[in-house]
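Each chain is listed here by its residues.
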Amino acid sequence: MGTPSFDKNKYVNRIIEQAESLPPFPNVVQKVMPLLQTMAPAKQIEQVIQYDPAIASRVIALSRSPIYARRHSIGSLRDAIIALGQKELIKVVLAACSARYFKGSTEGYDLREGELWEHAVGVAIMTEILASFLNNKNVFTLYTAGLLHDIGKTVLHFHVKDQFENIIKLVKDKNMHFLDAEREILGIDHQQLGGLIAKKWNFPDVVVAAIRFHHEPTKAAIKFQEIAKIVHLANIMVATMGIGCGVDGLTQPGEEAIFKEMGITSKKISELLAEFGDRFKAIKDFLEIK
Ligand SMILES: [Fe+2]
Ligand SMILES: [Fe+2]
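This one's a predicted model, so the numbers in the text were calculated from it and none came from an experiment.

Take the overall build of the protein next. In terms of regular secondary structure, the protein is built from 16 helices and zero strands. Here the C-alpha radius of gyration of the protein, 19 Å, is about what a compact globule of 290 residues would show, namely 19 Å. Projecting the C-alpha coordinates of the protein onto the three principal axes gives extents of approximately 60 × 45 × 35 Å. The buried share of the protein, taken over its 290 residues, is 43%. Of all intrachain contacts in the protein linking residues separated by at least 6 positions in sequence, the fraction that spans at least 24 positions is 64%.

Next up, the structure:
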């Protein structure tokens, strides 16, 4: 399938090369983690974060949002570190490190500037809400996979735009899901590309698998399926709220069975969405990508 005039292998290789040339994921996360685990003083943590001004300013900005700041007024990086506390700090650092990849619009997917970033943070927040409901303790893994699940789109959207007519033709004529049509025409889909990027950035296998299978979690290795399913459901729920729901649509094969299997009734979905709405509203104004 595809247009006979182009060499699909060459095309895929070019896409992969572009993905591999993304700047490496900042290693500030790996540096900050051990400091948090040993309860290092804020001054020491500040010393690590301050060398990356983009991350430092984002940590301050995010820590000022009502869901983090609460009683504190944040004037400096040190204030932000103290106000956030260990668990929140690591999530904010993860978000700060991820933001730079989501700059610009992702026109191929019909998303305005910043919308994919809002979607990424939204899915990360929703994974936390689901993790707490499901009593899953892998919060940082889920949060990371949630933030980066659509990272493949940041590269693939150029190609989706180029080949849009061919992709949509398959969606319409063959009643294909957008993801399958994307893979058919481009030779790779955004989950596969995202998995490659996460692997290149040395994320653990579970994060790579959750990204790689976020639209089809039952295809992940058994040991990674629960995490992949939570990211899958979080993605659907956030898209349902209209956050980052682009041209690839809302419905996904098998979603109802997965909600059911996880014991999430439609009444529970409404409750979780309400909780999400409040939390997302509190953080939304602090998400701009500078
Ligand atoms: Fe996706
Ligand atoms: Fe998504």
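So, on to unusual backbone geometry. Despite not being glycine, Asp110 has its phi angle at roughly 60°, a positive value. Take Asp110: there are 16 C-beta atoms within 10 Å of it, and that puts it in the partly exposed class. Phi at Asn135 takes a positive value of approximately 60°, unusual for a residue other than glycine. Along the chain, Asn135 falls in the loop between α7 (115-134) and α8 (139-148). By the C-beta count within 10 Å, which is 6 here, Asn135 ends up exposed.

Turning to the domain arrangement of the protein, a few remarks are in order. Looking at the protein, the domain boundaries give domain 1 (23-102) and domain 2 (104-290). Spacing between the C-alpha centres of domain 1 and domain 2 amounts to 25 Å. Between domain 1 and domain 2, the contact holds 16 residues from the first and 17 residues from the second. Elements with a contribution of two residues or more to the side of domain 1 that touches domain 2: α4 (53-63), α5 (66-69) and α6 (77-99). In terms of residues, the side of domain 1 that touches domain 2 owes the most to one element, α6, which gives six residues. Partitioned by chemical class, the residues of the side of domain 1 that touches domain 2 number twelve nonpolar, two polar and two charged.

This part covers the nonpolar core. Formed by 85 residues in total, the largest nonpolar core has its most connected members in Val59, Val93, Ala96, Ala210, Ile227, Val231 and Ala234. Looking at which element gives the most residues to this core, the answer is α6, with 14 residues. Structurally, this core is a two-domain feature, drawing no fewer than three residues from each of domain 1 (23-102) and domain 2 (104-290). Setting aside anything within four residues of it in sequence, one finds Ala210 in contact with Ala145, His149, Phe224, Ile227, Ala228 and Val231.

At a minimum axis distance of 7 Å, the contact between α7 and α8 shows a crossing angle of 155°. Of the possible angle classes, the one that applies to α7 and α8 is roughly antiparallel. The crossing of α7 and α8 is right-handed. Contacts from Ala120, Val121, Val123, Ala124, Met126, Thr127, Glu128 and Ala131 in α7 reach Val139, Leu142, Tyr143, Gly146 and Leu147 in α8.

This part takes up the confidence of the model for the protein. Here the protein shows a mean pLDDT of 88. Residues at 70 or above account for 94%. Within the protein, the lowest mean pLDDT, 72, falls on α5, and the highest, 97, falls on helix α13 (residues 205-212).

Mapping Val59 onto the fold places it in helix α4. Residues Val59 and Lys31, spaced 28 residues apart in sequence, show a C-alpha to C-alpha distance of 15 Å. Here Val59 is in contact with Ile49, Leu77, Ala80, Val92, Val93 and Ala96, once residues within four sequence places are set aside.

Definitions and cut-offs
All residue numbers refer to position in the chain's written sequence, counted from 1. Chain letters and ligand numbers both follow the written order, the letters beginning at A and the numbers at 1. Local features in this predicted model are restricted to residues whose pLDDT is 70 or higher, and side-chain atom pairs enter the listing and the counts only when it is 80 or higher, whereas totals over whole chains, interfaces and linings include all residues. Counting from the N terminus, the helices are DSSP H or I runs at least four residues long and the strands are E runs at least two residues long. Throughout, radius of gyration means the C-alpha value; the globule benchmark is 2.2 Å times the number of residues raised to the power 0.38. The exposure label follows from counting other C-beta atoms within 10 Å of a residue's C-beta, where the C-beta atoms are placed from the backbone and the thresholds are 20 or more for buried and 12 or fewer for exposed, leaving partly exposed in between. Here, residues touch in the contact sense if the C-beta positions derived from the backbone fall within 7 Å of one another. Note that domain bounds follow an automatic or database assignment of domains. All residues other than Ala, Val, Leu, Ile, Met, Phe, Trp, Tyr, Cys, Pro, Asp, Glu, Lys and Arg, Gly among them, are scored as polar; the first ten of these are nonpolar and the last four charged. Put simply, a nonpolar core is buried Ala, Val, Leu, Ile, Met, Phe, Trp, Tyr and Cys residues tied into one set by C-beta atoms within 7 Å. Only the stretch in contact is used when fitting a helix axis, every axis being a line fitted to C-alpha atoms; angles between N-to-C directions are given from 0 to 180 degrees. Note on terminology: angles under 35 degrees are roughly parallel, angles over 145 are roughly antiparallel, angles of 65 to 115 are roughly perpendicular, and the others are oblique. A clockwise turn of the near helix away from the far one marks a right-handed crossing, whereas an anticlockwise turn of less than a right angle marks a left-handed crossing. Per-residue confidence from the predictor is reported as pLDDT, which spans 0 to 100.

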